[in-house]
Amino acid sequence: MILPRTILIAAFGLAAAVWLQPAAVPQDQTVGRCVVSIPTQWGTFRGATQGYGLVFEDNAGTLRFMNQMPCGLEGAPIVSLEVRRK
């Protein structure tokens, strides 16, 4: 008689714990701490590589690779490699 009562109490406790779990509180949406502005003349984003960073291609076919983004600095990001087509 004690065993069924213990099982019932344990099942009730488990159900209450699952049902009464505290809901996650939505956090305020935060803005990134670092914003980098890419000049529109650099063209379209083409992807990212581990060694060279982000890749952009302009209308003339020039590829610009950047792997160091200046956080909070004015001006364009630093281009680590530029490939021009002739």
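1. Describing the pattern of salt bridges
Under the defined criterion, the tally for this structure stands at 4 salt bridges. Notably, a salt bridge pairs arginine 46 with glutamate 57, separated by 2.9 Å at the nearest N-O pair. Taken together, the positions of arginine 46 in strand β1 (residues 44-49) and glutamate 57 in strand β2 (residues 53-57) put the pair 11 residues apart, joining distant regions of the chain. When its relative accessible area of 52% is taken as the criterion, arginine 46 is described as exposed. Owing to a relative accessible area of 19%, glutamate 57 belongs among the buried residues under this scheme.

2. A short note on the side chain of glutamate 57
A polar contact is formed between the side chain of glutamate 57 and the side chain of arginine 46, at a distance of 2.9 Å. Setting aside chain neighbours within four positions, we find glutamate 57 in contact with Trp42, Gly43, Thr44, Arg46, Thr62, Leu63 and Arg85.

3. Some points on the environment of glutamate 82
Within the secondary structure, glutamate 82 is located in strand β4 (residues 81-83). For glutamate 82, a relative accessible area of 31% corresponds to the partly exposed category. With 19 residues separating them along the chain, glutamate 82 and leucine 63 place their C-alpha atoms 5.7 Å apart. Leave out the neighbours within four places in its chain, and glutamate 82 touches Thr62, Leu63 and Arg64. Only 3.3 Å separates the side chain of glutamate 82 from the side chain of arginine 64, close enough to count as a polar contact. Engagement of the side chain of glutamate 82 in a polar contact is seen with the side chain of arginine 84, the distance being 2.6 Å.

4. Describing the packing of aromatic side chains
What the rule picks out here adds up to 3 aromatic pairs. A centroid spacing of 5.5 Å and a plane angle of 55 degrees characterise the contact between tyrosine 52 and phenylalanine 65, whose relative ring orientation is tilted. Of this pair, tyrosine 52 sits in the loop between β1 and β2 while phenylalanine 65 sits in strand β3 (residues 63-66); the two residues are 13 residues apart in sequence, bridging distant segments of the chain. Taking the relative accessible area as the measure of exposure, phenylalanine 65 reaches 12% and is therefore buried. By way of ring pairs, the aromatic residues Trp42, Phe45 and Phe56 are connected into one cluster.

Rules used in this analysis
- Residues numbered from 1 in each chain as written.
- Predicted model: local features only at pLDDT ≥ 70, side-chain atom pairs only at ≥ 80, totals over all residues.
- Heavy atoms only, no water.
- Salt bridge = Lys/Arg side-chain N within 4 Å of Asp/Glu carboxyl O.
- Helix = DSSP H or I, 4+ residues; strand = E, 2+ residues; numbered from the N terminus.
- Buried < 20%, exposed > 50% of the residue type's maximum accessible area, 1.4 Å probe, protein only.
- Polar contact = N/O pair within 3.5 Å; in protein donor to acceptor, adjacent residues only side chain to side chain.
- Contact = heavy atoms within 4.5 Å.
- Phe/Tyr/Trp six-rings, centres within 6.5 Å; stacked < 30°, edge-to-face > 60°.

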